[in-house]
Amino acid sequence: SALSKPADITSVTHHCRRAKSLERTRRMTKLALASSFFALVVGGSFAFAPAPESTLRRPTTLGTSTTATKTGSFTSEGAKQQIGNDSFLNENLMARAQNGPGKKNEESLKIGIIGAGLAGMVAAMDLADAGHQVEMFEVRPFVGGKVSSWQDKEGNHIEMGLHVFFGCYYNLFGIMKRTGGFDKNLRIKEHIHTFVNEGGRLGSLDFKFPIGAPVSGLQAFAKTEQLEINDKVANAVRLGTSPIVRALVDFDGGMDMVRELDDISFTEWFTQLGGGRGSLDRMWDAIAYALGFLDCDNISARAMLTIFMLFAIRTEASVLRMLDGSPQTGLHDPIIKYLEDRNVKINLSSPCRDIVHDVNEEGFPTRVRGIKVGAKDQFREFDVVVAACDVPGIKKVLPDDFRKYKEFDNIYNLDTVPIATVQLRFDGWVTELNDDIRMMDVSGDQSDGRGAGIDNLLYSVDTEFSCFADLALTSPGEYYKEGEGSLIQAVFDERATSRSNEQLVEDCIAQLQNIFPSSRKLTCTWSSVVKLGQSLYREKPGQDKFRPTQATPIPNFFLAGSYTYQDYLDSMEGATRSGLMVADEIIARADGPTGLKAFSEEGNLVAA
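Residues numbered from 1 in each chain as written. Predicted model: local features only at pLDDT ≥ 70, side-chain atom pairs only at ≥ 80, totals over all residues. Heavy atoms only, no water.

As a further point, take the overall build of the chain. Helix and strand counts for the chain come out as 25 helices and 20 strands. Counting all 608 residues of the chain, 62% fall into the buried class. A separation of at least 24 residues holds for 72% of the contacts in the chain among residues at least 6 apart in sequence. Total accessible area on the chain stands at roughly 22,500 Å², and carbon and sulfur atoms take up 50% of it. (Helix = DSSP H or I, 4+ residues; strand = E, 2+ residues; numbered from the N terminus. Buried < 20%, exposed > 50% of the residue type's maximum accessible area, 1.4 Å probe, protein only. Contact = heavy atoms within 4.5 Å. Areas by Shrake-Rupley, 256 points an atom, 1.4 Å probe, with all protein chains shown as cover.)

Now the structure itself:
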């Protein structure tokens, strides 16, 4: 079980630590502020002095105790390696994902997986390699979950969102290497994050630098054109007193501080010790929307600082890649082949109607016997069931009496964010800002990213879509069409999802023209809108404590999905981590007289 440390003990610990370090805090704050300002002026790096312990309000129910408690609930060493501070420094995670579980169980379990998203498919890969019989059930007519894509009647590839691969997606990259898709299906982008502002003015975080992290990141923030000098000063002051700076010399201390900031928003954290509204409005909001479809006022400080911590310690973390084509072709198809080669059966358009289970005298569920699936509620018996769903999916599939357990009931505290993905095709190259003739030229073969414009993920604070890209350039494999130009894919957050599809298309075109004025000469030739009423779980303050571990109080029932507890965000990497973790937990518990196979056989005897 995942139980929090008692609030009074945590609170006393934090107050004692603050009292003991008050004088050191004052001294180190002055040092960090001075070194930060120096870095800004010279365009170099911050002095790597430890940052002071935070004097912010700290949560009383969450922090390092939560991580320690949840780590203690795992049986497998593989799952434990994905949790805690060491997981951010573990260079073997990619190899583990690439090589598989490294173990074949003596007992073969019959395992049913509800959901064929990324987490479920990754779990199925490991479980099949460990010698188990795996069958999957997906409600949609295609796999992929939130990373799904499909073709319409005209052959256009439609997506549910814009999928970008950060360089710190070590587990996902390992899976792609395992299935043979990493080298041929991903396109690496220039090491720069570009902001497009009203009137076509560009700003950037240019991480290209002879020296890697953290220096490359610090100089990128110091030199960015996205902020005015006063905002740069405020930005440098706040970053210079952040847990990130402390982590450069005391990684555990810095990460512990990050974890303890889940109960406050990024804005609250940023503005309490020097950060200004200008930096939030002109840069951080766009990044926050790109990460979790929330602005800085509403996203957890922990969520934002987690990714910044990775940027600070890993040079490659801020390098972006995108698929050379659709997620179905570049990511899912190689996984499907891997699974089918190992006799994993994937049932599409097969919703789970019920989880059949036993209960004890008090009405608490004790064992899962199988699931009912399809229109006819067909009963399928399994030794183990994995619910690899998203947040709305798991809320629908869990029987009411499962909520007698706190671990399941906590899930209903998690909320989600709606998004709308708009795709627009044009008769020219929208992101070409410098050459109108080139912008209008769609003649000949301009495949393989040879079209005009910016071949990278783009951010904007002057549109309602904070991140977007021209897929005909960034992911040309199936998105470039000869004789046509840009295919813009933009993701709107909840500010816009209540509008009609037609209005969203009009608004997207108008906002593109606002930041790319020359694109007013172009015509939109095709459009698509996909609304997802419940997308990522809402990474608002105070949510981390509600995330369940993959193992549950019911011994043969497990959870997977990026919302489950793992040390990354709700993302493709988070989903991959959860899939590997749930497989490790099942494999570690499968064999022996008290293992899952024995548990299943004993339950069948009792039922008989």
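With that out of the way, let us pick up the nonpolar core. Note on soluble globular proteins: their nonpolar side chains tend to be buried together. Counting 121 residues, the largest nonpolar core has Phe266, Trp284, Met304, Val386 and Ile586 as the members making the most contacts within it. At ten residues, the largest contribution of residues to this core is made by helix α16 (residues 301–313). With residues near it in sequence (within four places) discarded, Met304 still touches Phe266, Trp284, Ile287, Ala288, Leu291, Cys296 and Ile299. In this structure, Cys352, Phe382, Val385 and Phe408 belong to the second largest nonpolar core, which totals 26 residues. (Core = buried A, V, L, I, M, F, W, Y, C linked by side-chain atoms within 4.5 Å.)

Spatially, β11-β12-β13 is the arrangement adopted by the three strands of the open sheet, whose pairing is antiparallel. Two strands close off the open sheet at either side, each with one partner strand: β11 (352–359) and β13 (378–381). Strand after strand, the sheet turns through a mean of 35° between neighbouring axes, direction not considered. Here seven bridges tie β11 to strand β12 (residues 365–373), and the two strands are oriented antiparallel to one another. Within β12, the residue paired with Asp354 across the bridge is Lys372. (Pairing = 2+ DSSP bridges. Axes fitted to C-alpha atoms, helices over the stretch in contact; angles between N-to-C directions.)

This part covers the side chain of His191. Here His191 lies in the loop between β6 (186–188) and β7 (192–196). Take His191: its relative accessible area is 14%, and that puts it in the buried class. Setting aside chain neighbours within four positions, we find His191 in contact with Asp206, Phe207, Lys208, Thr315, Ser318 and Val319.

What follows is about helix α15 (residues 277–292). Given a rise of 1.5 Å per residue, 16 residues ought to cover 22 Å, yet the end C-alpha atoms of α15 are separated by just 20 Å, more than 12% below that figure. Trp284 marks the point of greatest bend in α15, at about 50°. Among all positions in α15, only Ser279, Leu280, Met283, Trp284, Asp285, Ala286, Ile287, Ala288, Tyr289, Leu291 and Gly292 are buried. Positioned one or two residues after α15, Phe293 has a phi angle of 60°, which is positive. (Expected span 1.5 Å × (residues − 1). Bend = angle between axes of the 7 residues up to and from the residue.)

Moving on, we come to helix α24 (residues 572–589). Taking 1.5 Å of rise per residue, 18 residues should cover 26 Å, and α24 covers 26 Å from first to last C-alpha, within 8% of that figure. With 16 of its 18 residues buried, α24 lies for the most part within the structure.

Residue Pro214 is bonded to the preceding Ala213 through a cis peptide linkage, with omega at 5°. Note on placement: Pro214 falls in the loop between β8 (202–206) and α10 (215–223). The backbone of Phe293 shows a phi angle near 60°, a positive value even though the residue is not glycine. As for its position among the elements, Phe293 is in the loop between α15 and α16. Its relative accessible area of 11% is what places Phe293 among the buried residues. The backbone of Asp448 sits at a positive phi, close to 60°, despite the residue not being glycine. On the accessibility criterion, Asp448 (48% relative accessible area) is partly exposed.

Among the five residues of strand β2 (residues 133–137), four are classified as buried, and the element is accordingly described as predominantly covered. Here strand β1 (residues 110–114) runs beside β2; their pairing, made up of five bridges, is parallel. Note on β2: the bridge partner recorded for Ile113 is Met136. With helix α7 (residues 118–129) bridging β1 and the parallel β2, this β-α-β connection has right-handed handedness. As judged from the three bridges shared by β2 and strand β10 (residues 345–347), these two strands associate in the parallel manner. Note on β10: the bridge partner recorded for Glu135 is Lys345. (Right-handed = clockwise from strand over helix to strand, strands pointing away.)

The description of two packed helices rests on the angle between their axes and on the distance between the axes. Axis separation between helix α8 (residues 170–179) and α24 bottoms out at 7 Å; the angle between their running directions is 70°. In this view, α8 runs roughly perpendicular relative to α24, as classed from their interaxial angle. On α24, the residues touching Tyr170, Asn171, Leu172 and Ile175 of α8 are Met572, Glu573, Thr576, Arg577 and Leu580. Its residues assigned to classes, the contact of α8 with α24 shows five nonpolar, two polar and two charged. (Parallel < 35°, antiparallel > 145°, perpendicular 65-115°, else oblique. Nonpolar A, V, L, I, M, F, W, Y, C, P; charged D, E, K, R; others polar.)

A few words on the environment of Gly274. For Gly274, the position within the fold is in the loop between α14 (266–272) and α15. Accessibility expressed as a relative area gives 36% for Gly274, which makes it partly exposed.

Attention now goes to the confidence of the model for the chain. Chain-level statistics for the chain give a pLDDT mean of 87 and a share of 88% at 70 or above. Contacts of residues 1–65 to residues separated by more than four positions or lying in other chains number 111 contacts, the stretch itself having pLDDT below 50. (pLDDT = per-residue confidence, 0-100.)

Moving on to the pattern of salt bridges. If you walk through the whole model with that rule in mind, you get 38 salt bridges. Between Arg547 and Asp544 there is a salt bridge, with the nearest N and O atoms lying 2.9 Å from each other. The pair formed by Arg547 and Asp544 is uniform in burial state, with each residue classed as buried. Within this structure, Arg96, Asp126, Asp129, Arg178, Arg342 and Asp584 form a network of salt bridges that share partners. (Salt bridge = Lys/Arg side-chain N within 4 Å of Asp/Glu carboxyl O.)

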